[in-house]
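Here are the chains, one letter per residue:
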Amino acid sequence: MSVRVPLIELKQASKLYGGQRVLDEVSMSIEQGTATALIGRNGSGKSTLLSILAGLIHTSSGRLIRQPNVIIGYAPEMFPGLKVTPEQYLRSMGRISGLAAGELEHRIQELLAGFYLEQFRHEIMMNFSKGMLQKINLIQALLVSPALLLLDEPLSGLDLPAIDQLIALLRELQKEGTAIIFSAHEPQMVEALADQVLVLQAGKMIRNIKGTENLWVKPTTYIYCTGLSSSEQMELTDRPGFISLNIIMDADRGEGVGLTVQPEATDDFLRQVLGAGGSIVSVEPQGESGI
Ligand SMILES: Nc1ncnc2c1ncn2[C@@H]1O[C@H](COP(=O)(O)OP(=O)(O)OP(=O)(O)O)[C@@H](O)[C@H]1O
């Protein structure tokens, strides 16, 4: 019987910046030929997670396990307008990745044409629009025919024909065995591609949904409070309805706590915070979806 070995895995990976825990014990497993969507609100940790998978930053704790010699293509969230032409840039990226000259020229031609950028091939990228830069960003990630493709908000700035083109291309790659992990705020991309959806909330992976039918996740409540000691904070994490807790350093208010809880437990947590001598700064219902 054949055993499916994951291409890449994270086991209880956490990332801290200063004292702030931006990823909290995240575990995930990615197999060949799968498409995984990372969804979650701004600042929930999607880019951080993708950078860790790309090997660009290290976890503070936990493990990253990758099969040997996996070729990774990575399109980060931001792509700068460089003082070179697409052709010059893509040629140097291809050479760095070790592509043979003939193959590299063929890929550049194919991808520039595929993203309707051929006529800009010899223009300096400095004045390119956001969407044009995003296309170059995607092309550099696709140049090497990656086994694992990491895309951070790939639709950002793209027009409708480019979106359709990208989704079709990614479907093809997936069929050929490429594993794709992408962050997205657009349901369109998630529904078109994903066979696994991971929902991040304040650095925690709160849902792992197979398929997209159950994409709509339950609402939660976010409580921002101050004035609790470390032991009082820890007590909150043991209460029923607790989902996650973040420490927030605020220049005006000092140290605070961001609590995410199930809506039905909101009153109980508010009573607990006030009873322990803490103050409530705000209480916010969180939406129905992580997108
Ligand atoms: N280099 C860094 N130094 C300090 N904090 C950082 C750094 N990078 C990210 N963070 C913090 O980590 C948290 C998660 O950020 P991240 O960019 O991973 O979120 P995201 O889910 O990708 O957000 P968005 O949807 O807005 O792109 C944020 O609070 C952010 O401020």
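Above this text you will find the structure in question.
Residues numbered from 1 in each chain as written. Predicted model: local features only at pLDDT ≥ 70, side-chain atom pairs only at ≥ 80, totals over all residues. Heavy atoms only, no water.

**Student:** Outline the overall build of the protein, supporting the account with residue identities and numerical values.
**Tutor:** Within the protein, the secondary structure is distributed over eight helices and 13 strands. Taking the principal axes of the C-alpha coordinates as reference, the protein spans close to 70 × 55 × 30 Å. By sequence separation, contacts in the protein at least 24 residues apart represent 67% of the contacts at least 6 residues apart. (Helix = DSSP H or I, 4+ residues; strand = E, 2+ residues; numbered from the N terminus. Contact = heavy atoms within 4.5 Å.)

**Student:** Let's hear about the nonpolar core: which residues, and what values?
**Tutor:** Ranked by size, the top nonpolar core spans 46 residues in total, and within it Leu170 and Phe182 carry the most contacts. In terms of residue count, helix H4 (residues 130–142) provides more of this core than any other element does, seven residues in total. Discounting residues that sit within four places of it in the chain, leucine 170 has contacts with Leu149, Leu151, Ile180, Met189 and Leu193. Counting residues in each nonpolar core, the second largest holds 22 residues, with Ile8, Leu10, Leu23 and Ile181 among its members. (Core = buried A, V, L, I, M, F, W, Y, C linked by side-chain atoms within 4.5 Å. Buried < 20%, exposed > 50% of the residue type's maximum accessible area, 1.4 Å probe, protein only.)

**Student:** Describe in detail the site of the ligand, supporting the description with residues and values.
**Tutor:** Taken together, the neighbourhood of the ligand is formed by 14 residues, with Gly43, Gly45, Lys46, Ser47 and Thr48 sitting nearest. The backbone of glycine 45 places a nitrogen or oxygen atom 2.9 Å from an oxygen atom of the ligand. Between an oxygen atom of the ligand and a side-chain N or O atom of histidine 185, the distance comes to 3.1 Å. Compared with its free state, where it exposes 640 Å², the ligand has 63% of that area covered by protein. Of all the secondary structure elements, the ones that give two or more residues to the shell around the ligand are strand S2 (20–30) and helix H1 (46–53). Residue contributions to the shell around the ligand peak at three residues, all from H1. (Near = heavy atom within 4 Å. Polar contact = N/O pair within 3.5 Å; in protein donor to acceptor, adjacent residues only side chain to side chain. Areas by Shrake-Rupley, 256 points an atom, 1.4 Å probe, with all protein chains shown as cover.)

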